[in-house]
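A look at the structure
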Amino acid sequence: MHITENQSLQSYNSFGVAAKARYFTVIKYDDDVAELVKWLKQHPLLPYLLVGGGSNLLFTKDYQGLVIHIALTGKQVVAEDTESTYIRAAAGENWHGFVLWSIAQGYAGLENLSLIPGTVGAAPVQNIGAYGVELTDCFFQLEAVDLQTGKMRVFDHAACEFAYRDSYFKSVAHGGYLIVSVTFRLLKKPQWKMHYADIARQLGNQVPTAQRISTIVISIRQSKLPDPAVLGNAGSFFKNPLVEKQTWLLLRASFQDMPAYEQLDKRYKLPAAWLIDQCHWKGYQQGDAGVYAKHALVLVNHGTATGEELWLLAQQIIDSVQEKFGITLEPEPSVIN
Ligand SMILES: Cc1cc2nc3c(=O)[nH]c(=O)nc-3n(C[C@H](O)[C@H](O)[C@H](O)COP(=O)(O)OP(=O)(O)OC[C@H]3O[C@@H](n4cnc5c(N)ncnc54)[C@H](O)[C@@H]3O)c2cc1C
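Bear in mind that the values here come from a model prediction, so they are computed numbers and not experimental data.

Moving on, we come to helix H6 (residues 210–224). Helix length check: H6 (15 residues) gives 21 Å between terminal C-alpha atoms against 21 Å at 1.5 Å per residue, within 8%. Taken residue by residue, H6 has Ala 210, Ile 213, Ser 214, Ile 216, Val 217, Ile 218, Ile 220 and Arg 221 as its buried positions. Looking at the buried side of H6, the elements it contacts are helix H2 (95–104), strand E8 (129–130) and helix H5 (197–203).

Here it is, written out as structure tokens:
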């Protein structure tokens, strides 16, 4: 394990913010994990941060601790039964690359999650989701190292406490576990999720296949979301708020055209993009920090915005939505202060 000092993090966060890490290391091999645990024991007061692709992070300033970039690689089929195939991938594998690989091997289940930036290891952290599928739907188990004791622990589905853009790792463990690999259970008889209007329309009369759905999802995403390599961003910056039925009824009395989607737990999910759009933020720009012109949920870095400037803009958006609707938006990415 090699440690560098004052490392630029610009290429390690999809906002392209020019923050620096006081200490920086890359975890590439199993031995690096053991060395890391030792190093952390020797520096008990130093904060540390696990980073995969940095596509769900906002650095508001330089990081005064150790940034640990996870680059463990490898993927393979590990088991099979009559219904399912089990595939394990190391945490540092690129998520989209892994999805394409699984499709090329003839497996289905991950196609709706095509083109989500980032790594396999971060995918369970916020239970990534898109186009009617969440990671929880195809998750089997994961292996993670307790960074205090160095012990490896296997987390099954229940232990991960998956929820909407949330999990045990995001809400409870807060970086206490380094996820080293994730095992997926992919059904041999695929259950296609095609209820999103854009997917259904583009598929038309064609027979669904994982390859076709993946291609459609990629083209939809490319038409709606900015490519971080061209325009810095972290995807949706805010979670869609969930409210009780009573709150929804009160809101609807004042805002008749407000969309809402009833959830299994009887709460209502409100599209944060709609709320933000009603406050006229779409396309807004303040220096190089802005709101994407095609999507009110996406904050963008037009060039040299600092994390602090982007966070200030996010707070202004939160305040305006709070004032107009009485709803508090929550950021989806981890905001690193
Ligand atoms: C253009 C764009 C579109 C996006 N679309 C979607 C979408 O449709 N759906 C969606 O859910 N998300 C979306 N995202 C957000 C992001 O892609 C996902 O959250 C992704 O899983 C983040 O992966 P990462 O490796 O970049 O994580 P990072 O940003 O590096 O880290 C995210 C969090 O996970 C932790 N972490 C990272 N690796 C590990 C590990 N090995 N062990 C333990 N903790 C770890 C970090 O400490 C941090 O808290 C989008 C982002 C962008 C830029």
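What follows picks up the thread again.
This next bit is on the pattern of salt bridges. Between side chains of opposite charge, a pair can form as their charged atoms come close. Under the criterion given, the structure shown has 12 salt bridges. Here Glu 330 and Lys 239 are joined by a salt bridge, their closest N and O atoms 3.7 Å apart. Of the two residues, Glu 330 sits in the loop between helix H9 (307–325) and strand E20 (334–336) while Lys 239 sits in the loop between strand E13 (232–236) and strand E14 (242–243), which places them 91 residues apart along the sequence. Residue Lys 239 is classed as buried on the basis of its relative accessible area, which comes to 14%. When the shortest N-O distance is used, the salt bridge between Lys 282 and Asp 277 registers 3.5 Å. The exposure class assigned to Asp 277 is partly exposed, which follows from its relative accessible area of 30%. Each of Glu 134, Arg 165 and Glu 332 takes part in salt bridges that share partners, so that together they form one network.

Note that Lys 269 resides in strand E16 (residues 268–269). Summary of buried charges: Lys 269 has no salt-bridge partner, and the nearest side chain of opposite charge, Glu 134, is 5.7 Å away. Each residue touching Lys 269, except ones within four places of it in the same chain, is listed here: Tyr 164, Asn 240, Pro 241, Leu 242, Ala 260, Tyr 261 and Gln 263.

Our next topic: the domain arrangement of the chain. Along its sequence, the chain is carved into domain 1 (3–70), domain 2 (75–224) and domain 3 (232–336). Using only C-alpha atoms to locate each centre, domain 2 and domain 3 end up separated by 25 Å. Listed as interface residues are six residues of domain 2 and, on the opposing side, eight residues of domain 3. For the pairing of domain 2 and domain 3, the buried interface totals around 630 Å² over both sides, and the portion due to carbon and sulfur atoms is 43%. Of all residues in domain 2, the largest losses of buried area upon contact with domain 3 belong to Tyr 164, Lys 170 and Lys 224, amounting jointly to 70% of the total for that side. One can count one salt bridge joining domain 2 with domain 3. Of the charged contacts in the structure, one is a salt bridge between Arg 165 and Glu 332, with a shortest N-O distance of 4.0 Å. Classifying every residue of the side of domain 2 that touches domain 3 by side-chain character gives one nonpolar, two polar and three charged.

We now examine the pairing of strand E10 (residues 139–146). Among the eight residues that make up E10, six are buried, leaving the element largely enclosed by the rest of the structure. As defined by bridge partners, E10 adjoins strand E12 (residues 177–187) across seven bridges and the pair is classed as antiparallel. The residue of E12 that forms the bridge with Glu 143 is Ser 181. Where E10 folds back onto strand E11 (residues 152–156) in an antiparallel hairpin, the turn is made up of five residues, including Gly 150, whose phi is positive at roughly 80°.

Residues Phe 238, Met 258, Leu 275, Ile 276, Ile 317, Phe 325 and Leu 329 are the most contacted members of the largest nonpolar core, which totals 47 residues. Counting only elements with at least two residues in this core, the list comes to strand E2 (20–27), strand E3 (48–51), strand E4 (57–59), strand E5 (63–70), helix H7 (245–254), helix H8 (272–278), strand E18 (289–291) and H9. Each of two domains, domain 1 (3–70) and domain 3 (232–336), supplies a minimum of three residues to this core. Discounting chain neighbours no more than four positions away, the residues touching Phe 238 are Ala 272, Ile 276, Leu 297, Ala 314, Ile 317, Ile 318, Leu 329, Glu 330, Pro 331 and Glu 332. Judged by nonpolar contacts, the second largest core, of 39 residues, contains Cys 160, Tyr 177, Val 182 and Leu 186.

This part covers the packing of aromatic side chains. Considering all chains together, one arrives at 22 aromatic pairs under this definition. Relative to Phe 184, the ring of Phe 98 has its centre 5.2 Å away and its plane inclined at 40°; by these criteria the two rings are tilted. With Phe 98 in helix H2 and Phe 184 in strand E12, this residue pair connects regions lying 86 residues apart in the sequence. The same class applies to Phe 98 as to Phe 184, namely buried. An aromatic cluster is present here, built from Phe 15, Phe 237, Phe 238 and Trp 311 joined pairwise through their rings. The lysine or arginine in question, Arg 153, covers the ring of Phe 155, its NZ or CZ lying 4.0 Å from the ring centre. Positioned over the ring face of Tyr 164 is Lys 269, at 4.0 Å from the centre of the ring.

Turning next to unusual backbone geometry. One non-glycine residue, Asn 6, lies in positive phi territory at about 50°. With respect to the element layout, Asn 6 can be found in strand E1 (residues 3–8). Positive phi values are uncommon outside glycine, yet His 174 reaches one of about 45°. Within the fold, His 174 resides in the loop between helix H4 (168–173) and E12.

Reading across the sheet, the four strands line up as E1-E2-E5-E3 and stay open at both edges, with mixed pairing between neighbours. With partners counted over all chains shown, the strands left at the sheet margins are E1 and E3, one partner each. In this sheet, adjacent strand axes meet at a mean angle of 35° when their direction is disregarded. For E1 and E2, the ladder comprises five bridges, and the chain directions are antiparallel. Counterpart to Glu 5 in the pairing with E2 is Tyr 23. Contacting E1, E2, E3 and E5, helix H1 (residues 30–42) runs over the sheet at an angle of about 145° to E2.

Cut-offs and rules
Residues numbered from 1 in each chain as written. Predicted model: local features only at pLDDT ≥ 70, side-chain atom pairs only at ≥ 80, totals over all residues. Heavy atoms only, no water. Helix = DSSP H or I, 4+ residues; strand = E, 2+ residues; numbered from the N terminus. Expected span 1.5 Å × (residues − 1). Buried < 20%, exposed > 50% of the residue type's maximum accessible area, 1.4 Å probe, protein only. Contact = heavy atoms within 4.5 Å. Salt bridge = Lys/Arg side-chain N within 4 Å of Asp/Glu carboxyl O. Lys, Arg positive; Asp, Glu negative; His and termini not counted. Domains from an automatic or database assignment. Buried area = accessible area lost by both parts, 1.4 Å probe. Nonpolar A, V, L, I, M, F, W, Y, C, P; charged D, E, K, R; others polar. Pairing = 2+ DSSP bridges. Core = buried A, V, L, I, M, F, W, Y, C linked by side-chain atoms within 4.5 Å. Phe/Tyr/Trp six-rings, centres within 6.5 Å; stacked < 30°, edge-to-face > 60°. Lys NZ or Arg CZ within 6 Å of the ring centre and 35° of its normal. Axes fitted to C-alpha atoms, helices over the stretch in contact; angles between N-to-C directions.

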